[in-house]
Amino acid sequence: LSNHDTGESIGKKIASILCPRLEDEDDEIRQMVLDSIIYPGNEDVFPYLYRALKRKGIYGDSNFTNYRVKVIESIGLVGDKSFVPELVKILKTKSFFAVVESSEIRVATVKALGNIGGEEARKVLEGVMASDSREIVREEAKLVLERMID
């Protein structure tokens, strides 16, 4: 779809109007925006999803965790492999000063990688299954890998 007057795609126009609201403080608004803009192949939302994924919040804040899970789930639905490196960072954060993400966020990341697929995602999931410190995350990686078998 495109706007014949400007040549701008309708997806890009919608993204430019709605996506800035991903920064809204109201959780319901952020949720509605994600529900409205996510569909496979909608590349117009990629820059906004990258920013949303990197958004900082208060560790342990359930609203922030829920938002971050929804962003990660949305990335899995979009299914673009360009997000894999950012998702891998979530699973590989283990430095002394970095806080390891919650189990909910890690499980959502595992599922998103499974939805995106590909060899890089498979290798990461195999590593998660073998060595993640949380059993629920290891189990989810195992389930996702079983579904990825061609």
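See the structure above.
Residues numbered from 1 in each chain as written. Predicted model: local features only at pLDDT ≥ 70, side-chain atom pairs only at ≥ 80, totals over all residues. Heavy atoms only, no water.

Student: What exactly am I supposed to notice about the pattern of salt bridges here?
Tutor: In a structure, side chains of opposite charge can pair up when their charged atoms sit close to one another. The final tally for this structure, using the stated rule, is seven salt bridges. Residues Asp-35 and Lys-70 are paired through a salt bridge, measuring 3.0 Å at the closest nitrogen-oxygen approach. Of this pair, Asp-35 sits in helix α2 (residues 27-37) while Lys-70 is found in helix α4 (residues 62-78), placing the two residues 35 residues apart along the sequence. With a closest N to O distance of 3.6 Å, Glu-86 and Lys-54 form a salt bridge. Residue Glu-86 is found in helix α5 (residues 84-92), and its partner Lys-54 is found in helix α3 (residues 46-54); the two are separated by 32 residues along the sequence. Its relative accessible area of 14% is what places Glu-86 among the buried residues. (Salt bridge = Lys/Arg side-chain N within 4 Å of Asp/Glu carboxyl O. Helix = DSSP H or I, 4+ residues; strand = E, 2+ residues; numbered from the N terminus. Buried < 20%, exposed > 50% of the residue type's maximum accessible area, 1.4 Å probe, protein only.)

Student: Hey, could you run me through the side chain of Thr-65 in this one?
Tutor: By the secondary structure assignment, Thr-65 is in helix α4. Overall, Thr-65 belongs to the buried group, its relative accessible area being 13%. In this structure Thr-65 touches Ser-102, Glu-104 and Ile-105, once residues within four positions along its chain are discounted. (Contact = heavy atoms within 4.5 Å.)

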